[in-house]
Amino acid sequence: MTKSDLIKQKKAAAEKAVEFIESGMLVGLGTGSTVKFMIEGLAKKIKNGLDVKTVSTSNATSNFAESLGITVLNFNDVEEIDITIDGADEVDPNLNGIKGGGGALLNEKIVASSSKKNIWMVDSTKHVELLGRFPLPVEVVPFGINQTLNKLFLLGYKPEFRSAAGKNYVTDGNHYIIDLHLNKIKNPAELNNKLLLIPGVVDTGLFLEVCDVLIISADDECKIILKT
Ligand code: 5RP
């Protein structure tokens, strides 16, 4: 797929997602390039009278939403979120997914777990039979990172520190990310449990049974898949 086709698909999925937002809702805003398109659509609707408040999953999203005049509340000041709209890096037929390509996995998981409904938007390339081609992000505390990396290496997970500008990538929560090059994840739940048992691992990019509504954009239309 060309870059411009990919952008078209992301925009189409984002536009569809905005249709789920109603006045009076508290909306969770995910993170990433597809979410940015969704936020642009939401900002237009707010200018036309839609009355919503939001919470955000990252500093980048908060800054972008606020720059468009959207009210972003402190997550600690709200109760349950009506819907959270987010992107994903891969989603399988059971609507389990990998997230965290944009580095916001921990906050995204916390916000998703406080949301009545989670809507994900993906382009068609991200809908896969088996998760794992996309490197699985694992968020780790900085203390003892070489030890943590070595444990992941000995388990055969092909770990690699994520870097940015030649340094370890640092999340909003001041953690690091180790990406696992697994290629195929046959049992996501088992892998998730194994990873969470490693001291120093804060969370993983495996989002299991989180997504309620998946919007997949293809060439000329969006397909919607509901969790069964
Ligand atoms: C950020 C994420 C993103 O939702 C995911 O990486 C998809 O991003 P994009 O919409 O830019 O393709 O999980 O942590």
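A brief report on the enclosed structure follows. (Residues numbered from 1 in each chain as written. Predicted model: local features only at pLDDT ≥ 70, side-chain atom pairs only at ≥ 80, totals over all residues. Heavy atoms only, no water.)

Focus: the sheet that holds strand 4 (residues 90-91)
The 3 strands lie next to each other as 4-5-13, forming an open sheet whose pairing is antiparallel. The sheet is open, and its two edges are formed by strand 4 and strand 13 (206-207), each paired on a single side. Strand direction decides the pairing type here: strand 5 (residues 97-98) and strand 13, joined by 2 bridges, are antiparallel. The residue of strand 13 that forms the bridge with Ile98 is Leu206. (Pairing = 2+ DSSP bridges. Helix = DSSP H or I, 4+ residues; strand = E, 2+ residues; numbered from the N terminus.)

Describing the site of the ligand
Near the ligand there are 18 residues, and of these Ser33, Thr34, Asp89, Gly100 and Lys126 occur at the shortest range. Between the ligand and Asp86 there is a distance of 3.4 Å, counted from an oxygen atom to a side-chain nitrogen or oxygen. Measuring from an oxygen atom of the ligand, one finds a backbone N or O atom of Gly103 at 3.4 Å. Within the complex, the protein chains bury 92% of what would otherwise be the 380 Å² of accessible surface of the ligand. Judged by its atoms lying within 2 Å of the grid points, the ligand is housed in the second largest pocket. Residue assignment for the shell around the ligand shows that the elements contributing at least two residues are helix 2 (33-47), strand 3 (81-87) and helix 4 (105-113). When its residues are assigned to classes, the shell around the ligand shows 3 nonpolar, 9 polar and 6 charged. (Near = heavy atom within 4 Å. Polar contact = N/O pair within 3.5 Å; in protein donor to acceptor, adjacent residues only side chain to side chain. Areas by Shrake-Rupley, 256 points an atom, 1.4 Å probe, with all protein chains shown as cover. 1 Å grid on protein atoms, 1.4 Å probe; cavity = no way out; pocket = protein on both sides within 12 Å on 5 of 7 lines; lining within 4 Å. Sits in = over half its atoms within 2 Å of the grid points. Nonpolar A, V, L, I, M, F, W, Y, C, P; charged D, E, K, R; others polar.)

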